[in-house]
Amino acid sequence: MSETILVLGACGQIGTELTQKLREIYGKDNVIASDIREGSKEFVDAGPFEIIDAKNRSQILEAIQKYNVTQVYLMAAMLSATAEKLPQKAWNLNMSSLLVVLELAREKHIKQVYWPSSIAVFGNTSPKIDTPQKTIMEPSTVYGISKVSGEHWCNYYYEKFGVDVRSLRYPGIISWKTRPGGGTTDYAVDIYFKAQEEGKYECFLNEKTRLPMMYMNDAIDATIQLMQTESNNIKTRTAYNLAAMSFTPAEIAQEIKKHIPDFSISYNPDFRQEIADSWPQVIDDNNARKDWSWKHQFDLELMTKEMLKNIS
Ligand code: AKB
């Protein structure tokens, strides 16, 4: 497979590991990492790296032409909690970057686009359990509004112009290499670090808040699998529901206690509780499983083992 890939927002939580995996598959010189600022020296030295603002058309086009890019993964975004504090900025980043990339694809500068959506597209009026692929979507956050709008832009560019754009509705993504920033599901990463470092954690969501979650390895595999699937198999051009597990803060704490018996958790819910309460608890991802054979590997038990091992 000869592809040259540009990753926008490569220094973020998902971008970092996605870039590493794409380099393993396509060769390090065929994957160009980019971000608005330089990442760690190790990351920048690991392959081609460009400073690119994901909203800046000419910077992106310059990189596409310099490297003969065929695919763009647009991973730059402002997540739910930060977006509530900076609504205009979040809308501008999340939407402008997508429209720039979709236009470049329409003009045939690139062949294929990946853009992540989120469970945040759902809101209080969507079913909370086994949330279907197609249902009422009335998000109450700026992030959710930007994601649901973005999904429709993706579908529009596919339907009107044949742009090959693909997308997944990520649940909370849990990883140890790069910390997430500004999300509502971030507690499920922080808890592992605090458990190892301090043996205790104060959670910003209440103990019963059940949310869909996924270990990073599964998220990366799903993303690359979706991008490698025959175009004809992709029946959903908004974004696919994607799921692996769902748990509450009390349940993850219980799992951690199996490894660190003295670990303790306390609860001090803040503004993120309202965001979490508006999201689904369990997602139905049967369409992804049927259309391109999606299958997750990690459950809460296996993920907890991996997280604690790697953090220590
Ligand atoms: C967030 O919490 O904002 C993200 C997401 C679920 O998209 N992790």
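What counts, and at which threshold
Residues numbered from 1 in each chain as written. Predicted model: local features only at pLDDT ≥ 70, side-chain atom pairs only at ≥ 80, totals over all residues. Heavy atoms only, no water. Buried < 20%, exposed > 50% of the residue type's maximum accessible area, 1.4 Å probe, protein only. Helix = DSSP H or I, 4+ residues; strand = E, 2+ residues; numbered from the N terminus. Arc of directions from axis to C-beta. pLDDT = per-residue confidence, 0-100. Pairing = 2+ DSSP bridges. Near = heavy atom within 4 Å. Polar contact = N/O pair within 3.5 Å; in protein donor to acceptor, adjacent residues only side chain to side chain. Areas by Shrake-Rupley, 256 points an atom, 1.4 Å probe, with all protein chains shown as cover. Nonpolar A, V, L, I, M, F, W, Y, C, P; charged D, E, K, R; others polar. Domains from an automatic or database assignment. Axes fitted to C-alpha atoms, helices over the stretch in contact; angles between N-to-C directions. Contact = heavy atoms within 4.5 Å.

A. Structural context of helix H3 (residues 57-67). Listed in full, the buried residues belonging to H3 are Ile60, Leu61, Ala63 and Ile64. Here the buried residues of H3 occupy an arc of 160° about the axis, which is enough to place them on one side. Counted as exposed and oriented over 90 degrees from the buried face of H3: Ser58, Glu62, Gln65 and Lys66. Phi turns positive, to about 55°, at Asn68, one or two residues after H3.

B. Highlighting the confidence of the model for the protein chain. Residues of the protein chain with pLDDT of at least 70 account for 100%, and the chain-wide mean is 97. The secondary structure element of the protein chain with the lowest average pLDDT is helix H2 (residues 41-45), at 91, and the one with the highest is strand S8 (residues 168-170), at 99.

C. Broad picture of the sheet that holds S8. Read from one edge of the open sheet, 3 strands run S6-S8-S12, paired in parallel fashion. With one partner strand each, in any of the chains shown, strand S6 (117-118) and strand S12 (240-241) form the two edges of the open sheet. One ladder, built from 2 bridges, connects S8 with S12; its direction is parallel. Bridged to Leu168 within S12 is Tyr240.

D. A look at the site of the ligand. Around the ligand, a shell composed of Leu79, Ser80, Ser118, Ile119, Tyr143, Gly183, Thr184, Thr185 and Trp279 is seen. The contact in question runs from an oxygen atom of the ligand to an N or O atom on the side chain of Ser80, over 2.6 Å. With respect to the ligand, the side chain of Tyr143 contributes an N or O atom lying 2.8 Å from an oxygen atom. A total of 260 Å² of accessible area belongs to the ligand in isolation, and the protein chains cover 94% of it. Class assignment of the residues belonging to the shell around the ligand gives a composition of 4 nonpolar, 5 polar and no charged. Residue-level mapping places the shell around the ligand at the junction of two domains, with at least three residues from each of domain 1 (5-172 + 214-241) and domain 2 (174-212 + 245-282 + 297-311).

E. Fine view of the sheet that holds strand S7 (residues 164-166). Pairing in this open sheet of 6 strands is parallel, and the strands run S3-S2-S1-S4-S5-S7 from one edge to the other. Because the sheet does not close on itself, it has two edges, and the strands there are strand S3 (49-51) and S7. Across the sheet, the axes of successive neighbouring strands diverge by a mean angle of 20°, strand direction being ignored. For strand S2 (residues 31-35) and S3, the ladder comprises 3 bridges, and the chain directions are parallel.

F. Geometry of the side chain of Ser278. Structurally, the position occupied by Ser278 is in the loop between helix H10 (272-277) and helix H11 (286-292). Within polar-contact distance, the side chain of Ser278 engages the backbone oxygen of Ile275 at 2.7 Å. If we skip the residues at most four places from it in the chain, Ser278 touches Phe122, Gly123, Asn124, Lys128 and Ser140.

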